[in-house]
Amino acid sequence: MSNSIVVGTQWGDEGKAKVIDWLTLRSDIIIRYHGGANAGHTVIVGDEKFVFHLVPSGIMYPDKVCIVGNGVVLDIEQFLSEVDDLQRKNISVDGRLFISDLAHLVLPYHKVQDASSESQMGIKKIGTTGRGIGPAYADKVSRMGIRVGDLRNWDRFIAQMKINFDLKKQIVELYHHPFELKFDEIVESYRIFQNRIGPFILDTSEYLFRAVRQGKKLLFEGAQGTFLDVDHGTYPFVTSSNTIAGSACTGAGVGPTLINHVIGIVKAYTTRVGNGPFPTEQDNETGEALRSFGGEFGATTGRPRRCGWFDSVLLRKAVQLNGITRLALTKLDVLNKLKEIQLCTHYEINGKRSENFPTNPRDFEKAVPVYETMPGWQADLSGCKKMSDMPSAARNYITRLKTLCYDVPLLLISLGPERSQTIELEKL
Ligand code: GDP
Ligand code: IMO
Ligand code: MG
């Protein structure tokens, strides 16, 4: 397979990890390039379930190299706990898991600041994962962040952390929120982390450049989804990184000329965790059915995901923003029992037809979805190994969905969480 970027086309949790695990078979190096431990990526292998927050989902294959790029904000404690979990399951990461020295750290005070700012916003809160993502990225662009590579110089690391710690304490206490962290305790735990993290630190951009020259194939693992992008998403109800394909280059330190494909992961319906507008949301029995059939509970926070119908307005915008060359359709099986399925073809905004995603958030809040109703297939798809095995109603749904998304070709269709429950339509 050529070098490909995998992106979520909705609000995250599209099943990216399942597809990445599948595509890893045809890649050599898997790279996370943005976000942090707010991601929850689930891979099911046989009876075992693995949920990754920071380690790339390709780690399950012992001959693959995995990289956490400079664009990620790294919570070392979480990272090391994932490494320990893998080792307990006899998956060794030695010599094949690396972190960019330029990645910024998420420190304990970022999580306290995240909680404090959410609480300060009251009903206007974002509904973050509480993983300190926003404050860590804010420090990065404010040029006061601390990077993984800074751990190489302990005295400088401690001095910078002390300045930041004191500042965060003042900010949080200004709002009369609790700040119970002890600086000395953080120093003590980072002393241990410093010793353990050393072997993982690498100039990953240099590593990737050389690997490509040797003919290695790269797979960039996106986190979150297009509409959580800090610029193009449903601001302010977004995450704090660029989630779209363009950020793979800056977040991994590679040039755009390396990229051959952008694979958009699209769930057969829509979900969202946290606050913010969601035109096709079904806050009713249909939404409950989707949540229960699809197991739609957050892989990071356990929160019930808000569920609704497929929204082609979002998908068309996602195709544009990411330059998607292939779509991977996931969780089609979740619709198995439904008598009728609705698909949003366009919106009405202030009484006017709109085929396009409105950049004005006030317009998006007012968008009324217009649906097309299609008959369900009411059959189990789990035994289907090729398109022609599927009932015609399922094939019609897929065809309609694809037509509404500029007819971007489908790479695969996922019919269940396991590796074998995948229909591959093309080998890239
Ligand atoms: P990600 O964040 O995009 O990687 O997705 P998550 O792991 O947060 O959520 C997707 C959930 O759906 C996980 O529990 C997967 O095991 C599961 N899943 C993935 N693909 C399919 C599928 O095709 N059908 C079903 N039923 N479940 C799936
Ligand atoms: P994966 O990679 C779904 C959402 C949060 C919140 C908003 C901001 O598993 O698809 P943050 O903690 O990032 O500041 O929260 O973004 N969010 C996600 N929703 N899947 C994710 O990741 C998410 N990562 C962040 O729920 O609404
Ligand atoms: Mg997820």
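Asks: Kindly report on the coordination of the magnesium ion (ligand 3), identifying the contributing residues and their values.
Replies: Coordination of the magnesium ion (ligand 3) by the protein involves Asp13 (OD) and Gly40 (O), with metal-donor separations of 2.0 to 2.2 Å. Separated by 27 residues along the polypeptide, Asp13 in the loop between strand S1 (4-8) and helix H1 (16-24) and Gly40 in the loop between strand S2 (29-32) and strand S3 (41-45) bring together distant segments of the chain. A relative accessible area of 21% means that Asp13 is categorised as partly exposed.

Asks: Describe the nonpolar core, and please don't skip the residues or the numbers.
Replies: In a soluble, globular protein the nonpolar side chains are often hidden away together inside. If you look at the biggest cluster of nonpolar residues, it comprises 67 residues, and the most contacted ones within it are Phe220, Leu332, Leu335 and Tyr397. If you tally residues by element for this core, the top one is helix H12 (residues 392-404), at six residues. Look past the residues within four positions of Leu335 in its chain and what remains in contact with it is Ala268, Tyr269, Leu290, Ile341, Trp377 and Tyr397. Grouped together as the second largest cluster of nonpolar side chains are 59 residues, Ala17, Ile59, Ile186 and Leu219 included.

Asks: Could you give me a rundown of the site of ligand 2, with the residues and numbers involved?
Replies: Around ligand 2, the surrounding shell holds 20 residues, and the nearest of these are Lys16, His41, Thr129, Gln224 and Thr239. Interatomic distance of 2.6 Å between a side-chain N/O atom of Thr129 and an oxygen atom of ligand 2. For ligand 2, the accessible surface in isolation is 550 Å², of which the surrounding protein chains cover 98%. Here ligand 2 occupies the largest pocket. Partitioned by chemical class, the residues of the shell around ligand 2 number seven nonpolar, 10 polar and three charged.

Asks: Please give an account of the pattern of salt bridges that cites residues and values.
Replies: Pairing between side chains of opposite charge can happen when their charged atoms approach one another. By the definition in use, this model includes 25 salt bridges. With a closest N to O distance of 3.1 Å, Glu296 and Lys267 form a salt bridge. Here Glu296 is found in the loop between helix H9 (285-294) and strand S13 (306-308), whereas its partner Lys267 is found in strand S11 (residues 261-267), with 29 residues between them in sequence. Its relative accessible area of 0% is what places Glu296 among the buried residues. Overall, the relative accessible area of 0% leaves Lys267 in the buried class. Members of the salt-bridge network, linked through shared partners, are Asp13, Lys267, Glu296, Arg305 and Lys331.

What counts as what
Residues numbered from 1 in each chain as written. Chains lettered and ligands numbered in written order. Predicted model: local features only at pLDDT ≥ 70, side-chain atom pairs only at ≥ 80, totals over all residues. Heavy atoms only, no water. Donors = N, O, S within 2.8 Å, 3.2 Å for Na, K, Ca; no water. Helix = DSSP H or I, 4+ residues; strand = E, 2+ residues; numbered from the N terminus. Buried < 20%, exposed > 50% of the residue type's maximum accessible area, 1.4 Å probe, protein only. Core = buried A, V, L, I, M, F, W, Y, C linked by side-chain atoms within 4.5 Å. Contact = heavy atoms within 4.5 Å. Near = heavy atom within 4 Å. Polar contact = N/O pair within 3.5 Å; in protein donor to acceptor, adjacent residues only side chain to side chain. Areas by Shrake-Rupley, 256 points an atom, 1.4 Å probe, with all protein chains shown as cover. 1 Å grid on protein atoms, 1.4 Å probe; cavity = no way out; pocket = protein on both sides within 12 Å on 5 of 7 lines; lining within 4 Å. Sits in = over half its atoms within 2 Å of the grid points. Nonpolar A, V, L, I, M, F, W, Y, C, P; charged D, E, K, R; others polar. Salt bridge = Lys/Arg side-chain N within 4 Å of Asp/Glu carboxyl O.

Note that all results are geometric; they support no functional claim without further evidence.
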